[in-house]
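Structural features, examined
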Amino acid sequence: MLFYYVSLEVHTNIYGIPQTVTVSFHKDLVMGGGRSPIAVSWGYYYVKRKRYTAHAGEKLPIGTKFEIKYSPIIPSEYNVIRIIQE
């Protein structure tokens, strides 16, 4: 038997387009495996007039900004780079 496996990996932690996201709302994120959901902060970013959501891994006050880098190929794929302290 001969199997073919094709993998598409996008690494946005090194390369990517930086974008600042402002926390707009909080929402519970279900982690799976029987664990209880955790509250995380969510915000919006725009790429070519299309809106995407991003979340930081912790609960931050509304209005807090965080920086992400999103993939130019798949804009919904992103990594949180840092929380911007004001």
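Report follows, based on the coordinates.

Within the fold, K50 resides in strand β3 (residues 50–56). The class for K50 is partly exposed, based on a relative accessible area of 48%. Taking the C-alpha atoms as reference points, K50 and P75, separated by 25 residues in sequence, lie 9.5 Å from one another.

Summed over all chains, the structure comprises 5 aromatic pairs. With centroids separated by 6.3 Å and ring planes inclined at 5°, the aromatic side chains of F25 and W42 adopt a geometry described as stacked. Taken together, the residues F25 in strand β1 (residues 17–29) and W42 in strand β2 (residues 38–47) connect sequence positions 17 residues apart. Aromatic rings pair up to connect Y45, Y52, Y70 and Y78 into one cluster. Residue placement shows K27 over the ring face of W42; its charged tip is 5.6 Å from the ring centre. Directly above the ring of Y44 sits R51, whose terminal nitrogen or CZ lies 4.1 Å from the centroid.

Counting through the fold element by element, E77 comes out in the loop between β4 (65–70) and β5 (78–84). Judged by its relative accessible area of 42%, E77 is partly exposed. Taking the C-alpha atoms as reference points, E77 and Y52, separated by 25 residues in sequence, lie 9.6 Å from one another.

The rules we used
- Residues numbered from 1 in each chain as written.
- Predicted model: local features only at pLDDT ≥ 70, side-chain atom pairs only at ≥ 80, totals over all residues.
- Heavy atoms only, no water.
- Helix = DSSP H or I, 4+ residues; strand = E, 2+ residues; numbered from the N terminus.
- Buried < 20%, exposed > 50% of the residue type's maximum accessible area, 1.4 Å probe, protein only.
- Phe/Tyr/Trp six-rings, centres within 6.5 Å; stacked < 30°, edge-to-face > 60°.
- Lys NZ or Arg CZ within 6 Å of the ring centre and 35° of its normal.

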